[in-house]
Amino acid sequence: MKCVISVLGKDRSGIVAAVATTLAECSANIDDISQTILGEGEIFSMTMLVTLAPETCDFNTVQEKLAAVGEELGVQVIIQREDVFQFMYCLV
């Protein structure tokens, strides 16, 4: 299952590592990743396209784990199924 993950918050070290580690623990594959620091080094923004392995971790489990990582890091982490993302942003 393809998903889009968005991360937004105050920049700090370890954000990419923590999200990637969580995904690896769930046997998810990062297909594409883009990140940037907005403004004067204040705001971290990252978007990922990932493929989940539902036989290892289902969508809800990955969502819960990413929410916990986001809370720990003080950033917002949102995961959406790619088809839902495409529909919401009229990319279909």
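Look above for the structure.
The text that follows walks through the structure, step by step, so that each part is easy to find. Because the structure is a prediction, the values reported are computed rather than measured.

Together, Val84, Phe87, Met88 and Tyr89 give the surface a local cluster of nonpolar side chains, amounting to about 450 Å² of exposed area. Judged by its relative accessible area of 67%, Phe87 falls in the exposed class.

Before going further, it helps to examine the nonpolar core. Ile5, Val7 and Leu23 are the most contacted members of the largest nonpolar core, which totals 22 residues. Per-element accounting of this core gives the leading share, 5 residues, to helix α2 (residues 59-73). Every residue in contact with Ile5, bar those within four places of it in the chain, is listed here: Leu23, Met46, Thr47, Met48, Val50, Leu66, Val77, Ile78 and Ile79.

This part is about α2. Between the first and last C-alpha of α2 there are 21 Å, a value that for 15 residues agrees with the 21 Å anticipated at 1.5 Å per step. All buried positions along α2 are accounted for by Phe59, Val62, Leu66, Val69, Gly70 and Leu73. Relative to the axis of α2, the buried residues are bounded by an arc of 100° and lie together on one face. For α2, exposure combined with an orientation more than 90 degrees from the buried face picks out Glu64, Glu71 and Glu72. Buried residues along α2 sit against β1 (2-10), α1 (15-25) and β4 (75-81). Note on α2: the residue one or two positions beyond its end, Gly74, has a positive phi of about 75°.

Looking only at α1, the buried set comprises Ile15, Val19, Thr22 and Leu23. The buried residues of α1 all sit within an arc of 100° when viewed along its axis, so they share a single face. Projecting away from the buried face of α1 at angles above 90 degrees are the exposed residues Ala24 and Glu25. Elements in contact with the buried residues of α1: β1, β2 (29-38), β3 (43-51), α2 and β4. Residue Ser27 follows α1 closely and has a positive phi angle near 60°.

One key point about sheets: their strands pair by backbone hydrogen bonds, in either a parallel or an antiparallel sense. Reading across from one edge, β2-β3-β1-β4 is the order of the 4 strands in this open sheet, with antiparallel pairing throughout. Taken across any chain shown, the strands that pair with only one partner, and hence form the sheet edges, are β2 and β4. Geometrically, the sheet is characterised by an average inter-axis angle of 15° between neighbouring strands, direction not taken into account. Where β1 meets β4, 7 bridges bridge the pair, whose relative direction is antiparallel.

So, how was this worked out
Residues numbered from 1 in each chain as written. Predicted model: local features only at pLDDT ≥ 70, side-chain atom pairs only at ≥ 80, totals over all residues. Heavy atoms only, no water. Patch = residues over 30% accessible without salt bridge, like charges linked within 9 Å, V, L, I, M, F, W, Y side chains within 5 Å. Areas by Shrake-Rupley, 256 points an atom, 1.4 Å probe, with all protein chains shown as cover. Salt bridge = Lys/Arg side-chain N within 4 Å of Asp/Glu carboxyl O. Buried < 20%, exposed > 50% of the residue type's maximum accessible area, 1.4 Å probe, protein only. Core = buried A, V, L, I, M, F, W, Y, C linked by side-chain atoms within 4.5 Å. Helix = DSSP H or I, 4+ residues; strand = E, 2+ residues; numbered from the N terminus. Contact = heavy atoms within 4.5 Å. Expected span 1.5 Å × (residues − 1). Arc of directions from axis to C-beta. Pairing = 2+ DSSP bridges. Axes fitted to C-alpha atoms, helices over the stretch in contact; angles between N-to-C directions.

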